[in-house]
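Summary of structural features
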Amino acid sequence: MNRDHRLRLLACLTVAFWTAVFLQAPIAQDPAYHRFADQRTLLGIPHCLNVVSNLPFLLVGLWGLRTLFRLAASEQAFQRPVDALPYQVLFLSVALVGVGSAWYHLDPGNGTLVWDRLPMSAAFMALLGAALAERVDRRAGLLALPPLVAFGLFSVLYWYFTEQAGAGDLRYYIVAQAYPVVFVPLMVRLLPSPYTRGSDLYGAAVIYGLAKVAEILDPSVYAGGWISGHTCKHLLGALGAWWVLRMLRNRRLVEEPQGRGGDRRGRVD
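Residue numbers restart at each chain and count upward from 1, following the sequence in its written direction. pLDDT decides what is reported in this predicted model: residues at 70 or higher carry local features, side-chain atom pairs at 80 or more are listed and counted, and totals for whole chains, interfaces and linings draw on all residues regardless. Computation of side-chain values covers all heavy atoms of the structure but excludes hydrogens and water.

**Regarding the overall build of the chain**
Segments assigned H or I by DSSP are reported as helices when at least four residues long, segments assigned E as strands when at least two residues long, and all are numbered from the N terminus. Looking only at helices and strands, the chain has 10 helices and zero strands in total. Traced from its N-terminal end to its C-terminal end, the chain shows the element sequence α-α-α-α-α-α-α-α-α-α. Only the C-alpha atoms count toward the radius of gyration. The rule for a globule is 2.2 Å times the residue count to the power 0.38. On C-alpha atoms alone, the chain measures out to a radius of gyration of 19 Å, which is about the 18 Å that the 2.2 N^0.38 rule sets for 269 residues. Remark: exposure states derive from per-residue accessible area (1.4 Å probe, protein chains only) relative to the maximum for the residue type, with buried under 20%, exposed over 50%, and partly exposed in between. Within the chain, the proportion of its 269 residues that are buried is 48%. Contacts: residue pairs with any heavy atoms within 4.5 Å of one another. Expressed as a percentage of contacts within the chain between residues at least 6 apart in sequence, the contacts between residues at least 24 apart total 77%. Considering the chain, the positive charge centre built from 25 side chains and the negative charge centre built from 18 side chains are found 6 Å apart. The charged-residue count follows a simple rule in which Lys and Arg add positive charge and Asp and Glu add negative charge, with His and chain termini not counted at all. Working definition for charges: the position is that of NZ of Lys, CZ of Arg, CG of Asp or CD of Glu.

Structural data, given as structure tokens:
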């Protein structure tokens, strides 16, 4: 299958994905979502472990930003300094997740959840923008970054205001979160990159999947010990972000693409 056929396949799967989501009726936020298994107050902090387990997001995000400013000045991880921009947005968003999610878990509710989800959706969209720039078309990916991030933010605000109006709809937010998780690994499989270590994104996707499983099993995990599934979700989510940072720190530029958005020589994951 040549590159054009792979791009058509991705386009068709994208249409199918959006169609499958929006054939569903509007999806309201489950009121039980905010009732986490671990309700303990420790050291005077309500829901303590769910709050403090967000610290790794902040640390990984700040570490990622510091590392990216250094990597952008070299030719090791990026062809040009501007190519680091999607990842800079990604790790800034990860740092803000640490702040927003901690704020939410101090007093769980829709009004605080919006500050958790805004940076999270921006992070997913930034990762998608990075994949588009590296595997589809560099210029188009960079130009798509602002509207992608704007869509992610819109998806959260749309959910929040429809929820306030009594007709909550999570479908746009589901797209903003699930589409990059599904399609970035698919792009790694189908489209070459000028960098090594692209297959590390498979690992990041697996870690994210484990985080979602931990979230679903929140009370079951908590029943078996001193830590809840939701706390595990935070720790695994930060690990997934670190896994992407690990990829960037260790990858190397292998070859220049042939033309803008054209075929590349060979196959590099």
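**Points about the side chain of asparagine 54**
Mapped onto the elements, asparagine 54 comes out in the loop between α2 (48-52) and α3 (55-72). A relative accessible area of 1% means that asparagine 54 is categorised as buried. Sequence-distant contacts of asparagine 54, that is, excluding residues within four places in its chain, are made with Val97, Gly98, Ser101, Ala102, His105 and His234.

**Some words on the pattern of salt bridges**
Once their charged atoms are close, side chains differing in charge can pair, the charge on each being opposite to the other. One side-chain nitrogen of Lys or Arg within 4 Å of one carboxyl oxygen of Asp or Glu is enough to make a salt bridge. Scanning the model with the defined rule gives eight salt bridges in all. For glutamate 134, the salt bridge is made with arginine 251, and the minimal N-O distance between the two is 3.0 Å. In this pair, glutamate 134 sits in helix α5 (residues 110-135) while arginine 251 sits in the segment after α10 (229-250), placing the two residues 117 residues apart along the sequence. The same class applies to glutamate 134 as to arginine 251, namely buried. Where salt bridges share partners, they join Arg197, Asp200 and Arg246 into one cluster.

**Notes on the side chain of serine 93**
With respect to the secondary-structure elements, serine 93 resides in helix α4 (residues 85-106). A relative accessible area of 6% places serine 93 in the buried class. Serine 93 has contacts with Pro119, Ala122 and Ala123, leaving out every residue within four places of it along the chain.

**Overview of the confidence of the model for the chain**
Close reading of the predicted structure is inappropriate where its pLDDT is low. Scored from 0 to 100, pLDDT records how confident the predictor is in each individual residue. Summing up the model confidence of the chain, the mean pLDDT is 93 and the portion of residues at 70 or higher is 94%. Counted against residues more than four places away or in other chains, residues 257-267, with its pLDDT under 50, gives 27 contacts.

**Observations regarding the packing of helix α7 (residues 171-190) against helix α8 (residues 200-216)**
Orientation is described by axes fitted as lines to C-alpha atoms, over the contacting stretch for helices, and by angles from 0 to 180 degrees between their N-to-C directions. Relative to each other, α7 and α8 sit at 150 degrees, their axes nearing to 9 Å. Between α7 and α8, the crossing angle belongs to the class labelled roughly antiparallel. For the pair α7 and α8, the crossing hand works out as left-handed. Taking contact as the criterion, the partners of Gln177, Val181, Val184, Pro185, Val188 and Arg189 in α7 are, on α8, Leu201, Tyr202, Ala205, Tyr208 and Lys212. All amino acids are sorted into three groups, where Ala, Val, Leu, Ile, Met, Phe, Trp, Tyr, Cys and Pro are nonpolar, Asp, Glu, Lys and Arg are charged, and the leftover types, Gly among them, are polar. Residues of the contact of α7 with α8, tallied by class, amount to eight nonpolar, one polar and two charged. The labels follow the angle: roughly parallel below 35 degrees, roughly antiparallel above 145, roughly perpendicular from 65 to 115, and oblique for the rest. Definitions for this section: a left-handed crossing has its near helix turned counterclockwise from the far helix by less than a right angle. A right-handed crossing has that turn clockwise.

**Structural notes on unusual backbone geometry**
One non-glycine residue, histidine 47, adopts positive backbone phi at about 50 degrees. Here histidine 47 lies in the loop between α1 (3-22) and α2. The backbone phi angle of arginine 197 is positive, close to 70 degrees, even though this residue is not glycine. Examined against the element boundaries, arginine 197 turns out to sit in the loop between α7 and α8.

**Details of a nonpolar patch on the surface**
Two distance rules govern patches: like charges are joined within 9 Å, and nonpolar side chains (Val, Leu, Ile, Met, Phe, Trp, Tyr) within 5 Å, applied only to residues with over 30% relative accessible area and no salt bridge. In short, Shrake-Rupley with a 1.4 Å probe defines the accessible areas, and a residue's cover is counted only from the protein chains shown. Nonpolar side chains collect at one region of the surface, where Met1, Leu9 and Leu13 lie side by side and expose about 270 Å² of accessible area between them. Here leucine 9 lies in helix α1.

**Some remarks on the packing of aromatic side chains**
The geometry of an aromatic ring pair is captured by two quantities: the separation of the ring centres and the angle between the planes. Each pair of aromatic rings taken from Phe, Tyr and Trp, with Trp reduced to its six-membered ring, is defined by centres within 6.5 Å and is described as stacked if the planes are under 30 degrees apart, edge-to-face if over 60, and tilted in the remaining cases. Enumeration over the complete set of coordinates arrives at 18 aromatic pairs. Arranged with centres 5.9 Å apart and planes meeting at 50 degrees, the rings of phenylalanine 78 and tyrosine 87 form a pair that is tilted. Using a relative accessible area of 2% as the deciding quantity, one classes tyrosine 87 as buried. Grouping aromatic residues by their ring pairs yields a cluster made of Trp18, Phe22, Phe151, Phe154, Tyr158 and Tyr172. Residue placement shows arginine 117 over the ring face of tryptophan 159; its charged tip is 4.8 Å from the ring centre. A cation over a ring is seen here: arginine 251 above phenylalanine 78, with NZ or CZ 5.0 Å from the ring centre. Cation placement over rings: the criterion is NZ of Lys or CZ of Arg within 6 Å of the ring centroid and within 35° of the ring normal.

**So, helix α6 (residues 138-164)**
By this rule, a helix spans an expected 1.5 Å times one less than how many residues it contains. Taking 1.5 Å of rise per residue, 27 residues should cover 39 Å, and α6 covers 39 Å from first to last C-alpha, within 8% of that figure. One axis is fitted to the seven residues ending at the residue and one to the seven starting there. The bend at that residue is the angle between these axes. Its maximal kink placed at leucine 145, α6 deviates by approximately 40 degrees, while the proline proline 146 follows within four residues. Nitrogen and oxygen atoms within 3.5 Å of one another constitute a polar contact, given that in protein one can donate a hydrogen and the other can accept it, and given that sequence-neighbouring residues count only through two side-chain atoms. Of the residues flanking the start of α6, the one acting as N-cap is aspartate 137, its side-chain oxygen 3.1 Å from the backbone nitrogen of arginine 139. Immediately downstream of α6, the backbone of glycine 166 shows phi near 85 degrees, a positive value.

**Side note on the environment of methionine 247**
Positionally, methionine 247 belongs in helix α10. In this structure, methionine 247 is in contact with Tyr87, Arg197, Gly198, Asp200 and Leu201, ignoring residues within four places of it in sequence.

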